[in-house]
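Descriptive analysis of the structure
Listed below, chain by chain, are the residues.
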Amino acid sequence: MTASASPRALIPLPASVVWNPNAFRLSPQTRIVWCADLPEHAEAMVRITTLLTDRIRTATGFPLPCGENRASDADTILLEVTTADWQSPACSNPARADASSEAYRLTVTEACVRLVATTPEGIFRGIQTLYQLLPAQIDAVEPASDIDWSVPCCVIEDAPVYAWRGMMLDVARHFHPVATVKRLIDQLARFKFNKLHLHLTDDQGWRLEIKSWPALTEVCGPVAVNGDPGGFYTQDDYRELVAYAGSHYIDLIPEIDMPGHTNAALAAYGELNPDGVRRDTYTGIEVGFSSLMCREEATYRFIDDVLREVTALTPGAYLHIGGDEAKATTEEDFAYFIGRVCAIAATYGKTPIGWNNFELAETVPSSAVLQMWQNESPKAVEKGMKVIASVPNRAYLDMKYHEDYPLGLAWAGCVPTDVAYGWEPSDHVPKALLLGIECPLWTETAVTEADIDQLVFPRLLGHAEVGWTPQALRNWPDYQIRLRIMTERLRLQGIRYYADPVVKWD
Ligand code: ACM
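Here is a short report on the structure shown in this document.

What counts and how
Residues numbered from 1 in each chain as written. Predicted model: local features only at pLDDT ≥ 70, side-chain atom pairs only at ≥ 80, totals over all residues. Heavy atoms only, no water. Helix = DSSP H or I, 4+ residues; strand = E, 2+ residues; numbered from the N terminus. Rg over C-alpha atoms; globule rule 2.2 N^0.38 Å. Contact = heavy atoms within 4.5 Å. Areas by Shrake-Rupley, 256 points an atom, 1.4 Å probe, with all protein chains shown as cover. Lys, Arg positive; Asp, Glu negative; His and termini not counted. Charge placed at Lys NZ, Arg CZ, Asp CG, Glu CD. Buried < 20%, exposed > 50% of the residue type's maximum accessible area, 1.4 Å probe, protein only. Pairing = 2+ DSSP bridges. Right-handed = clockwise from strand over helix to strand, strands pointing away. Salt bridge = Lys/Arg side-chain N within 4 Å of Asp/Glu carboxyl O. Polar contact = N/O pair within 3.5 Å; in protein donor to acceptor, adjacent residues only side chain to side chain. Expected span 1.5 Å × (residues − 1). Axes fitted to C-alpha atoms, helices over the stretch in contact; angles between N-to-C directions. Parallel < 35°, antiparallel > 145°, perpendicular 65-115°, else oblique. Nonpolar A, V, L, I, M, F, W, Y, C, P; charged D, E, K, R; others polar. Phe/Tyr/Trp six-rings, centres within 6.5 Å; stacked < 30°, edge-to-face > 60°. Lys NZ or Arg CZ within 6 Å of the ring centre and 35° of its normal.

Counting its regular elements, the protein chain contains 14 helices and 15 strands. Rg of the C-alpha trace for the protein chain: 23 Å, near the compact-globule value of 23 Å for 506 residues, within the 12% margin. Viewed in the frame of its principal axes, the protein chain has a C-alpha envelope of about 75 × 50 × 40 Å. Sequence-distant contacts, at least 24 apart, represent 74% of the contacts inside the protein chain between residues at least 6 apart. Put simply, the protein chain shows about 18400 Å² of open surface, and 53% of that area lies on carbon and sulfur atoms. Between the averaged position of the 43 positive side-chain charges in the protein chain and that of its 66 negative side-chain charges there is a distance of 4 Å.

It is worth spelling out the pairing of strand E11 (residues 318–322) at this point. Burial analysis of E11 places five of its five residues in the buried class, the great majority of the element. Judged by which residues are buried, E11 turns out to be covered on both faces: Tyr 318, His 320 and Gly 322 on one side and Leu 319 and Ile 321 on the other are all buried. Alignment of strand E10 (residues 251–258) against E11, held across two bridges, turns out to be parallel. Its bridge partner being in E11, Met 258 is matched across the sheet by Gly 322. Crossover connection from E11 via helix H8 (residues 331–347) to parallel strand E12 (residues 351–355): handedness right-handed.

All right, on to the side chain of Asp 324 then. Within the element layout of this structure, Asp 324 appears in the loop between E11 and H8. Among buried Asp, Glu, Lys and Arg side chains, Asp 324 stands out as unpaired, with Arg 173 the closest opposite charge at 6.3 Å. Polar contacts involving the side chain of Asp 324 include one to the side chain of His 261, which spans 3.3 Å. With sequence-adjacent residues up to four places away left out, Asp 324 is seen in contact with Asp 257, His 261, Trp 355, Asn 356 and Trp 373.

This paragraph deals with helix H5 (residues 235–247). Between its terminal C-alpha atoms H5 stretches 18 Å, which fits the 18 Å expected from 13 residues at 1.5 Å a residue. Taken residue by residue, H5 has Gln 235, Tyr 238, Leu 241, Val 242, Ala 245 and Ser 247 as its buried positions. The inward-facing, buried residues of H5 abut helix H1 (42–60), helix H2 (120–133), helix H3 (178–190), strand E9 (195–199), E10 and helix H7 (297–312). In the segment just after H5, Tyr 249 is the residue with positive phi, at about 55°.

Before going further, it helps to examine the environment of Arg 55. Examined against the element boundaries, Arg 55 turns out to sit in helix H1. Arg 55 sits in the partly exposed class, given a relative accessible area of 22%. For Arg 55 and Lys 400, which are 345 residues apart along the polypeptide, the C-alpha to C-alpha distance reads 35 Å. Every residue in contact with Arg 55, bar those within four places of it in the chain, is listed here: Tyr 131, Ile 138, Asp 139 and Arg 190. In terms of polar contacts, Arg 55 uses its side chain to reach the side chain of Asp 139, at 3.0 Å.

Below, the discussion takes up the packing of H1 against H2. Packing of H1 against H2 leaves a shortest axis separation of 10 Å and a crossing angle of 10°. Classified by the angle their axes make, H1 and H2 are roughly parallel. Contacts between H1 and H2 pair Ala 44, Met 45, Ile 48, Leu 51, Leu 52 and Arg 55 from the former with Pro 120, Ile 123, Phe 124, Ile 127, Leu 130 and Tyr 131 from the latter. By residue class, the composition of the contact of H1 with H2 is eleven nonpolar, no polar and one charged.

With an omega of 5°, the peptide bond running from Met 258 to Pro 259 counts as cis. Following the sequence through the fold, Pro 259 ends up in the loop between E10 and helix H6 (263–268). Along the chain, Asn 356 connects to Asn 357 via a cis peptide bond; the corresponding omega equals 10°. With respect to the helices and strands, the residue Asn 357 is situated in the loop between E12 and strand E13 (369–372). Residue Asp 75 is not a glycine yet carries a positive backbone phi of 60°. Note on placement: Asp 75 falls in the loop between strand E3 (66–68) and strand E4 (76–81). Here Glu 325, not a glycine, exhibits a phi torsion of approximately 50°, which is positive. Tracing the chain through its elements places Glu 325 in the loop between E11 and H8.

Here we come to the environment of Ile 338. With respect to the element layout, Ile 338 can be found in helix H8. Residue classification places Ile 338 among the buried positions, given a relative accessible area of 0%. With 121 residues separating them along the chain, Ile 338 and Thr 217 place their C-alpha atoms 24 Å apart. What Ile 338 contacts, discounting residues up to four positions off in sequence, is Met 258, Pro 259, Ile 321, Gly 323, Phe 358, Thr 363 and Val 364.

The next thing to look at is the sheet that holds E12. Strand order around the closed barrel formed by eight strands is E8-E9-E10-E11-E12-E13-E14-E15, with parallel pairing between neighbours. Going across the sheet, the axis of each strand differs from the next one's by a mean of 30°, ignoring polarity. Relative to strand E15 (residues 434–441), strand E14 (residues 386–389) is paired through three bridges, and the arrangement is parallel. Bridge assignment links Ala 389 to a residue of E15, and that residue is Ile 437. Contacts between H3 and the sheet are confined to strand E8 (164–170) and E9, with E8 contributing the most and set at about 160° to the helix. Strands E9 and E10 of the sheet are contacted by H5, whose axis makes an angle of about 135° with E10.

One pass over the structure, following the stated rule, counts 20 aromatic pairs. Members of the aromatic cluster, connected to one another through ring pairs, are Trp 355, Trp 373, Tyr 396, Trp 411 and Trp 442. Above the plane of the ring of Tyr 131 lies Arg 55, whose end atom (NZ or CZ) is 3.7 Å from the centre. Over the ring of Tyr 401 we find Arg 459, and its NZ or CZ is 3.8 Å from the ring centre.

Next up, the structure:
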């Protein structure tokens, strides 16, 4: 065994870490056991324990017996879901009633590792911390030899500041296949994100099969920006994504953008247009020219069918209905339309989410959620709406890192890695109304998986910490040291991050 341990770094930084001397060492005899005081958690705990065991077995080549057992004996990793005998770590956000569901305590001694939470979800978040405490080779796909499989002794008490820590991927401008989305989900899970929002429809493409309106994907599945190749998810593909995300404790949020950004629907069906004639498909990147007909019942029959089918694929509580840049819709029509669509979402038991300016419509109930892509929203605050902060000159992953950067756009300015790390959502919206944050990747210029990697990494890691870690603990000089260590791990996993020169890399 070699004595040199690779450096460890935690991102997002936990709420509390106490380092102790010495380390726990994985050995061929190490047992991985779980226990839960509620039978309903057993299935999830078997699944999570299997995930953890498979990962450590693959990297170490150790046999690692595992199973249900309450004892935290020597040479054991114990995963324990319990409501007794344990106070979940305090959460610094008064808006979070459910703070404890993702909280965990990880105690590492020389003898054993004990991870405790009140839910399997908390265990899942805590395991991501455990991976980061293991040597980088834990992420190798082949067993590594000569590794000191040590975990530094510590006590970590952790809970997120914000309940909503999301990323958005636009699959409408350029389509990205199931495998790419799963690979992204793997990374989101590592950094404790819990939402992935898919922007499924826009002027260019329609990316989700709707069985009652098949021409949507027949006509506009193949279309993408610049005439690049398109694609779409069958409902089975989408179910597969929902399940994969769910197994990582990530909700998939579907977005059907309307009443603007709807040229794909208008190109697929003549009956959605005032003259009954299908529009041409569109491969440009200008916005604001399309609108559904807001006063025609044909439009609402269409939307009802679409949202019914999307709801059937969506176990989560939310449907994103877009609402942005409806420049071809009058203010009155917009308010009428958004009210109707919020009501349809409600009939399907879902909470609608919309981009600005949907909150300005008096028809939008205060129970709806604003995804804020402006600096502030006095109207949402006045209405007491919950807000997801996606401030473009902070959170947009498709803004260039700097002016000469080849990918991305710059209409909101450039977003270097330090800016993506250093923002604070409560500077924009009172904390009590903040559900959390989301960093969107619009894909006008992101054609390949490598393009996605470059735009997303390393900025995603900064947003992870903005969403999870109390602001008082966030610190750019310290973060750069951790980021350097973490990007080395990303490299080992084949993630082509951008070595942004604003980061001190050595
Ligand atoms: C947006 O960037 N149009 C929400």
